[in-house]
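Spelled out from the first residue to the last, the chains are:
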Amino acid sequence: IDDDRIRLATFQKRKLGVIKKAMELSLLCDVEVALVVFGQPTMTNKTGKLCQYSSKDIDILLTKFVELAPAEVYTNEDYEEKFTSKSEKELGDDGDEEHMPQGHNRTDNSASREELQQAVRHLQGMQGGV
């Protein structure tokens with residue numbers, strides 16, 4: 001989205017949508033969810049805004065994140081393969097549920113455990129945690 005105002009409005013709307021989905025996932029499926037969104041830097045906020053949602057204490061969830069190896073890992077590179085069916089690509093329709101994402105088996109990690117621990121400490125420091 002090229003227009004800054006439209007991009008910001010879209011970001012705000014979609015951010016609230018993903019927070020709502022995270023809350024619903026936690027409440028309906030009785031799972032722990034942590035969501036961290038780093039907003040883009042702006043003219044008035046050079047670092048961007050940090051937004052977080054957690055179904056439980058964020059420190060506990062971040063510690064679990066660092067200690068456990070995920071069974072599924074997604075990145076932006078997976079979008080077309082995982083979330084777009086062949087018919088959507090060819091015809092532009094909605095596809096069907098046969099093409100639901102399965103996730104990656106964890107085979108590699110782009111960040112080392114030490115880097116993840118540093119990131120957790122940084123996030124905890126930003127919110128005043130220990």
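These remarks concern the structure in this document. From a predicted model like this one, the values you see are computed outputs, not experimental measurements. (Residues numbered from 1 in each chain as written. Predicted model: local features only at pLDDT ≥ 70, side-chain atom pairs only at ≥ 80, totals over all residues. Heavy atoms only, no water.)

## Focus on the nonpolar core
In this structure, Ile19, Ala22, Val33, Leu35, Val37, Cys51 and Tyr53 together form the largest nonpolar core, which totals seven residues. Apart from residues lying up to four places away in sequence, Val33 is in contact with Ala22, Leu25, Ser26, Tyr53, Ser54, Ser55 and Leu61. (Core = buried A, V, L, I, M, F, W, Y, C linked by side-chain atoms within 4.5 Å. Buried < 20%, exposed > 50% of the residue type's maximum accessible area, 1.4 Å probe, protein only. Contact = heavy atoms within 4.5 Å.)

## Looking at a nonpolar patch on the surface
On the surface, Met23, Leu27 and Leu28 cluster together to form a nonpolar patch covering roughly 370 Å² of accessible area. Within the element layout of this structure, Met23 appears in helix α1 (residues 4-29). (Patch = residues over 30% accessible without salt bridge, like charges linked within 9 Å, V, L, I, M, F, W, Y side chains within 5 Å. Areas by Shrake-Rupley, 256 points an atom, 1.4 Å probe, with all protein chains shown as cover. Salt bridge = Lys/Arg side-chain N within 4 Å of Asp/Glu carboxyl O. Helix = DSSP H or I, 4+ residues; strand = E, 2+ residues; numbered from the N terminus.)

## What about the packing of aromatic side chains?
For the structure on display, the rule yields two aromatic pairs. Considering the side-chain rings of Tyr74 and Phe83, the 6.3 Å spacing of their centres and the 45° angle between planes classify their relative orientation as tilted. For Tyr74, a relative accessible area of 36% puts it in the partly exposed group. Classification of Phe83 as partly exposed rests on a relative accessible area of 42%. Among the aromatic residues, those joined into a cluster by ring pairs are Tyr74, Tyr79 and Phe83. (Phe/Tyr/Trp six-rings, centres within 6.5 Å; stacked < 30°, edge-to-face > 60°.)

## Considering the pattern of salt bridges
Here the structure, examined in full by the defined rule, presents five salt bridges. One salt bridge in this structure joins Lys64 and Glu32, with 2.6 Å as the shortest N-O distance. Of the two residues, Lys64 is situated in helix α2 (residues 58-67) and Glu32 in the loop between α1 and β1 (34-38); the sequence distance between them amounts to 32 residues. Take Lys64: its relative accessible area is 35%, and that puts it in the partly exposed class. Overall, Glu32 belongs to the partly exposed group, its relative accessible area being 35%. Note that Glu81 is salt-bridged to Lys82, the shortest N-O span being 3.6 Å. Owing to a relative accessible area of 57%, Glu81 belongs among the exposed residues under this scheme.

## Remarks on the pairing of β1
Here β1 shows a clear split, with Leu35 and Val37 buried on one side and none of Ala34, Val36 and Phe38 buried on the other. Examined bridge by bridge, β1 and strand β2 (residues 50-54) share five bridges and lie antiparallel to one another. Following the sheet pairing, Ala34 is matched in β2 by Ser54. (Pairing = 2+ DSSP bridges.)

## Topic: α1
The end-to-end C-alpha separation of α1 is 36 Å, in line with the 38 Å expected for 26 residues at 1.5 Å each. For α1, the set of buried residues is Lys15, Ile19, Ala22 and Ser26. Contacts from the buried residues of α1 go to β1 and β2. Between the side-chain oxygen of the N-cap and the backbone nitrogen of Arg5 there are 2.9 Å, and the N-cap of α1 in question is Asp3. A positive phi of about 55° marks Asp30, the residue just after α1. (Expected span 1.5 Å × (residues − 1). Polar contact = N/O pair within 3.5 Å; in protein donor to acceptor, adjacent residues only side chain to side chain.)

## Thoughts on unusual backbone geometry
Although it is not a glycine, Asp30 adopts a positive phi angle of roughly 55°. Mapped onto the elements of the fold, Asp30 is located in the loop between α1 and β1.

## Quick word on α2
Turning to α2, its buried residues are Ile58, Asp59, Leu61, Leu62 and Val66. For α2, the arc enclosing every buried residue in end-on projection is 165°, short of the 170-degree limit, so these residues lie on one face. At the N-terminal end of α2, a side-chain oxygen is found 2.8 Å from the backbone nitrogen of Asp59, two or three residues along, and the residue is Asp57. (Arc of directions from axis to C-beta.)

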